[in-house]
Amino acid sequence: MHIRFDVPADPAYPGRVAAALSRVRLRRYGYIGAVLAAVGAIGLAVSRGFARGDRIVPLCTALIVGGLLSMLYSPWVRLRARRRSGRYAVEGAYDITDDNIMMRSGSESGGIAWDGVAQVRATPEFWIVYVGRMPATVIPRNLMSAEDAETLRGFMVERGLLQHR
């Protein structure tokens, strides 16, 4: 297998990559925030039934506010990443073989050997490549031909990196 495609200097592309990678890393803040807000709301409801329940109202309110802020943290980070990354728009390219994924962006280049890839997760726009438990890079499906995308998908499924559709 040898797949090569170019990445145009699109100002929106780095932001989409940053959003896809940060969504994976920041998902837990949404879960933690939901739990905090739920515990705070339950605490407020329960406190109304006790004579001295007004003593825990500030704690419950703080839990709700902290939970809401935690849930808003992930979208805020993604928005900032999209805004800042627009100035990093440079032309690049991917060169994917049976052995590795080589990426070039402007004057920088790097690669990941398939042997080091633990898994690949599919999103609507990208395949997110994990090295260990951390997302290392993305492969944009919409920038390659349909035949190349299907070839690469088959290769990743065969290696056990990507689950069947």
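Here, the structure is the one placed above.
Conventions and cut-offs
- Residues numbered from 1 in each chain as written.
- Predicted model: local features only at pLDDT ≥ 70, side-chain atom pairs only at ≥ 80, totals over all residues.
- Heavy atoms only, no water.
- Buried < 20%, exposed > 50% of the residue type's maximum accessible area, 1.4 Å probe, protein only.
- Helix = DSSP H or I, 4+ residues; strand = E, 2+ residues; numbered from the N terminus.
- Pairing = 2+ DSSP bridges.
- Axes fitted to C-alpha atoms, helices over the stretch in contact; angles between N-to-C directions.
- Contact = heavy atoms within 4.5 Å.
- Expected span 1.5 Å × (residues − 1).

Novice: Mind showing me how you'd approach the pairing of strand β7 (residues 134-140) here?
Specialist: Sheet faces and side chains relate simply in a regular strand, where the side chains alternate between the two faces. Most of β7 sits inside the fold, with five of its seven residues counted as buried. Sheet analysis places strand β6 (residues 126-131) next to β7, joined by six bridges and oriented antiparallel. Pairing of V129 across the sheet is with T137, part of β7.

Novice: It is not clear to me how the sheet that holds β6 should be interpreted in this structure. Could you clarify?
Specialist: By way of backbone hydrogen bonds, the strands of a sheet pair with one another, either parallel or antiparallel. Pairing in this open sheet of three strands is antiparallel, and the strands run β5-β6-β7 from one edge to the other. Of all the strands in the sheet, the pair left with one neighbour each is β5 (119-122) and β7. Ignoring strand direction, the axes of neighbouring strands in this sheet form an average angle of 30 degrees. The sheet strands contacting helix α3 (residues 146-158) are β5, β6 and β7, and the helix crosses β6 at an angle near 30 degrees.

Novice: Help me out: how do you make sense of α3 in this one?
Specialist: Because each turn of an α-helix spans 3.6 residues, side chains separated by three or four positions in sequence point in the same direction. In this model α3 runs 18 Å from its N-terminal to its C-terminal C-alpha over 13 residues, within 8% of the 18 Å that 1.5 Å per residue would give. When α3 is considered as a whole, its buried residues turn out to be A149, L152, R153, F155, M156 and V157. Once α3 ends, the next one or two residues include G160, with phi positive near 80 degrees.

Novice: What is the right way to read the side chain of S47 from this model?
Specialist: Along the chain, S47 falls in helix α1 (residues 13-47). Discounting chain neighbours no more than four positions away, the residues touching S47 are G53, I56 and V57.

Novice: Could you clarify how one ought to interpret the sheet that holds strand β4 (residues 108-113) in this entry?
Specialist: Within the open sheet, the four strands sit side by side as β1-β2-β3-β4. Their pairing is antiparallel. The open sheet has two free edges, formed respectively by β1 (2-7) and β4, since each of these has just one partner strand. Taken pair by pair, the neighbouring strands of this sheet meet at an average axis angle of 10 degrees, ignoring direction. Looking at chain direction, strand β3 (residues 100-105) and β4 are connected through six bridges and run antiparallel.

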